Amino acid sequence: MKPVNINVNSGTPSQSGSFEIKRGASFQSGPRRVEDTSGQVRDSKFVIKAMEKIIGFSIFMLFFGVPLFFTGLTFQGLAFEKQLYFYFFLLLGLIMWAAKGVVSGELNIRRTPLDIPILGFWVIYAVSTFFSIDRWHSFWGSFGDPSRGFMSITAFVVAYYLILSNFSEKRLKMIFAAIISSGAVVLVWTALAIFDVKFLPDSLAVFSPLSLSGTVTGLGVISSALVPLFCVAILKISENETANKVGRNILQGALLLFLALDLFLILAIYNFVPWLALFSGVVVFLVFILAKIVRPNASWVWLPMVVFVAVMAVRMIGSVSIAKVNLPLEVSLNYKTSYDIALASLKADFLTGSGPATFGYDFSLNRSKEFNNNAFYGLRFSQGTGAIFEAAPTIGGLGTIFLVILALSFVGVELFLISRQKEKNKLYSLGMFSAAMVFLVSVLGIGAGGTIYILAVILGAVALATALLESETAENYLSLSLKASPKFALALAFVFMVISAGVAFLFVFLGKVYVADVYAGSAVRGKAASLDDSASSMRKAISLYNKEGRYYTQFGQYYMGLANVEAAKGSEGRDIQKIQQYLNFAVAAARQGREMNPQDVSAAEALAQVYENAGLYVGGSLEAASEAYAKSLELEPHNPNFYLKMGQIKIAMAASEKDEAKKKALVGEAKKMFESSVEEKNGFAPGHYQLSLTLDALGERDAAIESGRKAVELSSKNIDYLINLGKLYQAKGGQDNLAAAEKIFKAAVASNDKNISGHFYLGLFYERNGKGQEAKNEYRKSIEVVSGGDSNELKKQLEKMIANVDAGIENTPETLGLIQKQEETGEIMPE
């Protein structure tokens, strides 16, 4: 190739090709001379050094801050807050890394043994996101815990290469110090919290969590991982012969106290500890030391063995009540249910699954009828039992395979690197790998929240980087260099521009998301005080971040609450127009929430509830509610409550139907719904109760009594169930049945003496069986306990009933004038 002559005056090449400056050519114009660049070199070195400091600071803050950070101000909770914290410092480190590459003229990305599994997993995750049933949440992450979203997985990959590409022995010690110090803070915080020691002002205590990880299960994972890490810290200090002996002894003593505190807290939260994960980490640590692959200071070689025995002792002691506060109940799916959901989902879509962060959809769609027999059948789970059972339905079979390959590759590489070259004594590598094993087993096999996912990824990256460092493995890099050729210079400049623009956008976007969720959190916390203020705060949240359907759903529920408050004011005080306005707002917001999350059963159910509650005031609401519940049933086909609700709506529609044939048909449809509800769940008391009412309306009294009896057997303290069964026996007649009815009505009164219904219906029973004085006594007791917006009117009606008894007039809807009132107001009056 011919050299290119550069026209100095024009500054352009004379022909296409590579640039070459001929000897003697001078880039100057007029009398100006070439300036000395030594000052620029010094400046660039200073800038690069400053950027490296910021990169180191960002990495330090990831390890120090993720376990500790919280604000307690957001709606979505602690996992959401930690995820945004993770994004912030990761983006700060990323922009500094890219800027350093531009200033130095070279951006180096380290190549690692896990590159291919990571790339394959990331690509499959991206494909699954594209074909997701909910693309936005698959990209961003699920509500409350965004750690499973594609954005989070991409951030994990970036964090991995940021740490590996900017790693050194000095940075290893800095990271290790961050982990130990933050772990110590977590332990002290937890000890103070579970022993109910007041260490924060009341104004801050209301926002502070018991567990800094968000869950006590997550706290159990962190505490377990700290066991080998504290051991490494103690052993490394013992190797430092140059340090001040007194200072060294004090530091070792402090670390031993923290190790003892860690083991004590593991005992205190025994039921939340991932024991398999803990033993995996401790056994790996001990085995490598016993095999003399890693050789700590001879005078401290006893420590790992004592720790192992202590862990075994804690395990054998079992659960003991040490905590002075009630630890929260944390419920997770059992393995069988998770397996069934994964299997059913793989049959439906093996390749790509339903999409990342959509396990809640798979759970609702594929949960079995047997799950309804569980005491927690009403709960919905958005995360599976372990990453494998969660990955199978969400990212499909291929994604799950790559996840397993990635995990096995990590373990294999770590074992290989630590086992070879025994003379190098890789104590840091062993400690980091042991802690990483605790996180890995917890994430894959037990299940964990977003905090544990973040810590598992960054700790795993450091564990691999440490093993590569202590093994003195040759460092291979993918380099983009300004010095190589113009095309690489352009590529690096383009990469920097893209990263800079992306980071700037993300900083602003994440800031808006956080502020929006703070407003939403304010709405939730202020709900009891003022629904108006809560609705206003939620409106501000939506204006800042309008891509979260849950905000709209919650917004609709606030307006539904305002409508209920207005309706509770009584017939004279309520404003019908205002109620209708609130209901229209509620419907519009709930409908928007459902449209944004069409595959979210919670959004469909919330819309159905709004329509159902609007039935008396908004025309066509009952039909719309029925359709919404039908959609909910499509998304959660084994939910007995949806069958129950659809049946109740059919009954409400029948009550307003004038055509007798259509009325009977609606009641018949309701009967089928109630029958389906009790078929879906054994011992479903509400279903048996509603079925009893419906059978009685169809004239099937014996069957109605049988269903009513089942409802009472299942919930013997429920006054509505007791009164219904008593009325059925009373209507059937006969001495035995009347005696049974009286006994049941008395049981209702005994169950709750302050409940008006029990006294009222017992009074009616006495009146219709010629016991006037007993009837009046019960009516008077009803007057004593009546309360509410219409209490004065109800008291007047009850007093009129007493007067009718004295006058020998039977109390009926006609004699009390309730038929006319019902027709005028549309309100349902007692029979």
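What counts and what doesn't
- Residues numbered from 1 in each chain as written.
- Predicted model: local features only at pLDDT ≥ 70, side-chain atom pairs only at ≥ 80, totals over all residues.
- Heavy atoms only, no water.
- Helix = DSSP H or I, 4+ residues; strand = E, 2+ residues; numbered from the N terminus.
- Buried < 20%, exposed > 50% of the residue type's maximum accessible area, 1.4 Å probe, protein only.
- Contact = heavy atoms within 4.5 Å.
- Areas by Shrake-Rupley, 256 points an atom, 1.4 Å probe, with all protein chains shown as cover.
- Core = buried A, V, L, I, M, F, W, Y, C linked by side-chain atoms within 4.5 Å.
- pLDDT = per-residue confidence, 0-100.
- Patch = residues over 30% accessible without salt bridge, like charges linked within 9 Å, V, L, I, M, F, W, Y side chains within 5 Å.
- Salt bridge = Lys/Arg side-chain N within 4 Å of Asp/Glu carboxyl O.
- Expected span 1.5 Å × (residues − 1).
- Arc of directions from axis to C-beta.
- Polar contact = N/O pair within 3.5 Å; in protein donor to acceptor, adjacent residues only side chain to side chain.
- Axes fitted to C-alpha atoms, helices over the stretch in contact; angles between N-to-C directions.
- Parallel < 35°, antiparallel > 145°, perpendicular 65-115°, else oblique.
- Left-handed = near helix turned anticlockwise from the far one by under 90°.
- Nonpolar A, V, L, I, M, F, W, Y, C, P; charged D, E, K, R; others polar.
- 1 Å grid on protein atoms, 1.4 Å probe; cavity = no way out; pocket = protein on both sides within 12 Å on 5 of 7 lines; lining within 4 Å.
- Points joined across faces, edges and corners; volume = space filled by probe spheres on them.

Caption draft 1: Fine view of the overall build of the chain. Assigned secondary structure in the chain consists of 33 helices and 4 strands. When burial is assessed residue by residue, the chain has 49% of its 831 residues classed as buried. Within the chain, residue pairs in contact and separated by at least 24 positions form 70% of the contacts whose partners lie at least 6 positions apart. Within the structure as shown, the chain displays about 38,900 Å² of accessible surface, and the carbon and sulfur contribution to it stands at 59%.

Caption draft 2: Region of interest: the nonpolar core. With 191 residues, the main nonpolar core has Phe63, Phe86, Trp140, Trp275, Phe410, Met432 and Met538 as its most contacted residues. The greatest single-element share of this core, amounting to 15 residues, is contributed by helix α8 (residues 216-239). Each residue touching Trp275, except ones within four places of it in the same chain, is listed here: Ile266, Tyr270, Val311, Val314 and Arg315. Core analysis: the second largest hydrophobic core is formed by 38 residues, Ile723, Tyr729, Phe765 and Tyr766 among them.

Caption draft 3: Representation of the confidence of the model for the chain within the structure. Taken as a whole, the chain shows an average pLDDT of 87; of its residues, 90% reach a score of 70 or greater. Scored below 50 in pLDDT, residues 1-36 shows 26 contacts in the model against residues more than four places distant or in partner chains. Low pLDDT, under 50, characterises residues 818-831; the stretch is placed with 21 contacts to residues that sit more than four places away or in other chains.

Caption draft 4: Up close: a nonpolar patch on the surface. A cluster of nonpolar side chains, contributed by Leu119, Val123, Val127, Phe130 and Phe131, occupies part of the molecular surface with about 470 Å² of accessible area. With respect to the helices, strands and loops of the structure, Val127 is situated in helix α3 (residues 115-130). According to the relative accessible area criterion, Val127 is partly exposed, its value standing at 35%.

Caption draft 5: Local environment of the side chain of Thr553. By the element assignment, Thr553 lies in helix α19 (residues 549-567). On the basis of relative accessible area, Thr553 is assigned to the buried category, the value being 9%.

Caption draft 6: Inspection of helix α18 (residues 531-544) at higher detail. A rise of 1.5 Å per residue sets the reference length of α18, with its 14 residues, at 20 Å; its end C-alpha atoms lie 20 Å apart and thus fit the reference within 8%. Turning to α18, its buried residues are Leu531, Ser534, Ala535, Ser537, Met538, Ala541 and Ile542. The buried residues of α18 occupy an angular sector of 165 degrees when projected down its axis, which confines them to one face. With respect to the buried face of α18, the exposed residues turned more than 90 degrees away are Asp533 and Ser543.

Caption draft 7: Focus on the side chain of Ser58. Structurally, Ser58 is set in helix α1 (residues 38-65). Only 3.4 Å separates the side chain of Ser58 from the backbone nitrogen of Gly93, close enough to count as a polar contact. Non-local contacts of Ser58, meaning those with residues more than four positions away in its chain, are made with Phe89, Leu92 and Gly93.

Caption draft 8: Quick peek at the packing of α8 against helix α11 (residues 302-317). Contact geometry for α8 and α11: axes closest at 10 Å, N-to-C directions at 155 degrees. It follows from the interaxial angle that α8 and α11 lie roughly antiparallel. Our pair here, α8 against α11, has a crossing hand that is right-handed. Packed against α8, whose contacting residues are Val227, Cys231, Ile234 and Leu235, the element α11 presents Leu303, Pro304 and Val307 at the interface. When the residues that make up the contact of α8 with α11 are grouped by side-chain class, the tally is 7 nonpolar, no polar and no charged.

Caption draft 9: Up close: the packing of helix α6 (residues 169-194) against helix α16 (residues 450-470). Where α6 meets α16, the closest approach of the two axes is 11 Å, and the angle between their N-to-C directions is 145 degrees. Two packed elements cross with a definite hand, and for α6 against α16 that hand is left-handed. Counting all contacts with α6, which are made through Glu169, Leu172, Ile175 and Ile179, the residues of α16 involved are Leu459, Val462, Thr466 and Leu469. The residue inventory of the contact of α6 with α16, partitioned by class, reads 6 nonpolar, 1 polar and 1 charged.

Caption draft 10: Structural context of empty space enclosed by the protein. One pass over the full model with this rule turns up 3 cavities of 30 Å³ or more. In this structure, the largest cavity encloses a volume near 750 Å³. Together, 32 residues line the largest cavity, and Phe121, Phe156, Leu403, Leu406 and Val457 are the ones closest to its centre. Secondary-structure elements contributing two or more residues to the lining of the largest cavity are α3, α5 (150-165), α14 (387-419), α15 (427-446) and α16.

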